[in-house]
Amino acid sequence: MRLLHTSDWHLGQTLHNFDRTYEHQRFLDWLLETIVAEQADAVLIAGDIFDNSNPSAASQRQLYRFLQQARASMPQLDIVIVAGNHDSPGRLEAPGPLLEAHGTRVVGHVVRDAEGAIDIERMVVPLTGRDGAVKAWCVAIPFLRPGDVPRVDAGSEAENAAIDAYLSGIALLYQQAYDLARSRCANGEAILAMGHCHMVGGDASPDSERRILIGGTEALPSSMFDPGIAYAALGHLHLAQKVGKQEHLRYCGSPLPLSFAEINYQHQVLRIDLDGGKAKEIVPLQVPRAVDLLRVPAQPAPLKQVIAELVGLDLPEAPLHEQPYLEVRVLLDGPEPSLRAQVEAALEGKPVRLAKIEPTRKVVTMPGVDTALSLDQLAQLQPDDIFRRLWQQRFGEDAPDDQLAAFAELLIAGERGEL
């Protein structure tokens, strides 16, 4: 049996206010072609399908059009989707009955009966081969909040007990679902797991991931997966990686760069070939990047040098939705009110989208300026005192009179309720 593992699509995401519908559609078109080319039997989508809990109609159409096209192209294809922390579980599950009729199972949240017992049954999904026979079982667990997991008594100290109960509850839920899947295995089928979480040792992508750590705990241990799990398809972390150096516990990463921190990273989807109850081979399939990200210069540099590089930037003509995104990195000695105007002038007429200007300032500590203040000292400071201190700390000089005057005007306007 052949599986494809993908996650963290973040449909509807914008990059510094630029719409990315074109890029997402290019990825979905590529994924559709890959499903057919690889003759996949199942696709596992491990959460964060949408970028927020109230996705636009256009983003929802993208998802449902893809699901329809995938099933039409491969009539025996099974698709399993779990909700991530960005998704609305209820919204994701709303069309569930219709999707199930077309080979897609969605698990958005944990369901309990009138007595409070968790419905484990709905989290164990059969996966079939091209002959229609069950070839594997998938333990499909969505993003879990503390109220979603089984209640486990973990001691008396309130904070630590809450953390331990949460971790123990997650482990118990996975074990219960695994045991149920195991009981269904009639011919040694593989058992897979899905999850949207932060695992111990996971390498997060700066600037693009929302923290989902609970109660001070840093991450979940890989021991929550039973040793009998053939493969764990994980979502949330945007960089593809193994968990604890274990080949069969994987994040596939996001298919698009979600911040400039991922500019040099090759995004991917994972292909998993099963042989009986084991994962025989795991192969990354590189996702082509539809739109480039540029950083000019490569490292922060003085403004004069930056402007010269921008003026000399030579890019091929392209329609707006295909133009690369640009982050400009400038090293400043002091305030530069005309920074954006100078950058925009240097880029005039060039086929590029200015997404971000990242100024880096030299911080100079002046004699007599406290690096830290007590609460009592802070309480005695007036707004203009704080302004003066911050200016001196950041720029290494006294605040100019015109800046002090402008700040005073803002204070007065704020007191009058004019802001």
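Okay, so let's go over this structure. (Residues numbered from 1 in each chain as written. Predicted model: local features only at pLDDT ≥ 70, side-chain atom pairs only at ≥ 80, totals over all residues. Heavy atoms only, no water.)

Between helix H1 (residues 21-38) and helix H2 (residues 57-73), the least distance of the axes is 10 Å, while the angle of their chain directions is 15°. Relative to H2, H1 is oriented roughly parallel. When you trace H1 past H2, the crossing you get is right-handed. Within the contact between the two elements, H1 uses Thr-21, His-24, Gln-25, Leu-28, Leu-31, Leu-32, Ile-35 and Val-36 and H2 uses Gln-62, Arg-65, Phe-66, Gln-69, Ala-70 and Ser-73. Of the residues that constitute the contact of H1 with H2, the class distribution is seven nonpolar, six polar and one charged. (Axes fitted to C-alpha atoms, helices over the stretch in contact; angles between N-to-C directions. Helix = DSSP H or I, 4+ residues; strand = E, 2+ residues; numbered from the N terminus. Parallel < 35°, antiparallel > 145°, perpendicular 65-115°, else oblique. Left-handed = near helix turned anticlockwise from the far one by under 90°. Contact = heavy atoms within 4.5 Å. Nonpolar A, V, L, I, M, F, W, Y, C, P; charged D, E, K, R; others polar.)

Before going further, it helps to examine the packing of aromatic side chains. A complete count under the given rule lists seven aromatic pairs for this structure. An angle of 70° between the planes, with centres 5.7 Å apart, marks the rings of Trp-9 and Phe-27 as edge-to-face. Here the residue Trp-9 occupies a position in the loop between strand S1 (2-6) and strand S2 (14-15), and Phe-27 occupies one in helix H1, the gap between them amounting to 18 residues. For the pair formed by Trp-9 and Phe-27, the shared burial category is buried. Residues Phe-18 and Tyr-325 carry aromatic rings whose centres are separated by 5.9 Å and whose planes lie at 50° to one another, so their mutual orientation is tilted. Residue Phe-18 is found in strand S3 (residues 18-19), and its partner Tyr-325 is found in strand S16 (residues 325-332); the two are separated by 307 residues along the sequence. In textbook terms, an aromatic cluster arises when at least three aromatic residues are bridged by ring pairs, as seen for Trp-9, Phe-27, Trp-30 and Phe-66. Note that Arg-353 overlies the ring of Phe-18, its terminal NZ or CZ placed 5.6 Å from the centroid. (Phe/Tyr/Trp six-rings, centres within 6.5 Å; stacked < 30°, edge-to-face > 60°. Buried < 20%, exposed > 50% of the residue type's maximum accessible area, 1.4 Å probe, protein only. Lys NZ or Arg CZ within 6 Å of the ring centre and 35° of its normal.)

Glancing now at the pattern of salt bridges. Using the criterion set out here, one finds 18 salt bridges in the structure. Two residues, Lys-356 and Glu-327, come together in a salt bridge whose shortest N-O distance is 3.5 Å. In this pair, Lys-356 sits in strand S17 (residues 353-361) while Glu-327 sits in strand S16, placing the two residues 29 residues apart along the sequence. Taking the relative accessible area as the measure of exposure, Lys-356 reaches 21% and is therefore partly exposed. What makes Glu-327 buried here is its relative accessible area of 2%. (Salt bridge = Lys/Arg side-chain N within 4 Å of Asp/Glu carboxyl O.)

What follows covers helix H6 (residues 303-311). Among all positions in H6, only Leu-303, Val-306, Ile-307 and Leu-310 are buried. For H6, the arc enclosing every buried residue in end-on projection is 100°, short of the 170-degree limit, so these residues lie on one face. Residues Lys-304 and Ala-308 are exposed on H6 and point more than 90 degrees away from its buried face. In this structure, the buried side of H6 is in contact with strand S15 (293-302), S16 and helix H7 (339-346). (Arc of directions from axis to C-beta.)

This paragraph deals with H2. Counted at 1.5 Å a residue, the expected span for H2 with its 17 residues is 24 Å, and the 24 Å between its end C-alpha atoms agrees. Among the residues of H2, those classed as buried are Ser-59, Gln-60, Gln-62, Leu-63, Phe-66, Leu-67 and Ala-70. When H2 is viewed along its axis, its buried side chains cluster within an angular range of 155° and face the same direction. Residues of H2 that are buried make contact with H1, strand S5 (78-82), helix H3 (89-93), helix H4 (96-100) and strand S6 (104-107). (Expected span 1.5 Å × (residues − 1).)

Moving on to the environment of Gly-12. Tracing the sequence through the fold places Gly-12 in the loop between S1 and S2. Since its relative accessible area comes to 39%, Gly-12 is described here as partly exposed. In sequence terms Gly-12 and Ser-59 are 47 residues apart; their C-alpha atoms lie 5.5 Å from each other.

With that out of the way, let us pick up the nonpolar core. If you look at the biggest cluster of nonpolar residues, it comprises 56 residues, and the most contacted ones within it are Leu-44, Leu-127, Leu-192, Met-194, Met-199 and Phe-225. Counting residues per element, this core draws most heavily on helix H5 (residues 158-184), at eight residues. Ranked by size, the runner-up nonpolar core spans 31 residues in total, among them Leu-4, Trp-9, Leu-28 and Val-43. (Core = buried A, V, L, I, M, F, W, Y, C linked by side-chain atoms within 4.5 Å.)

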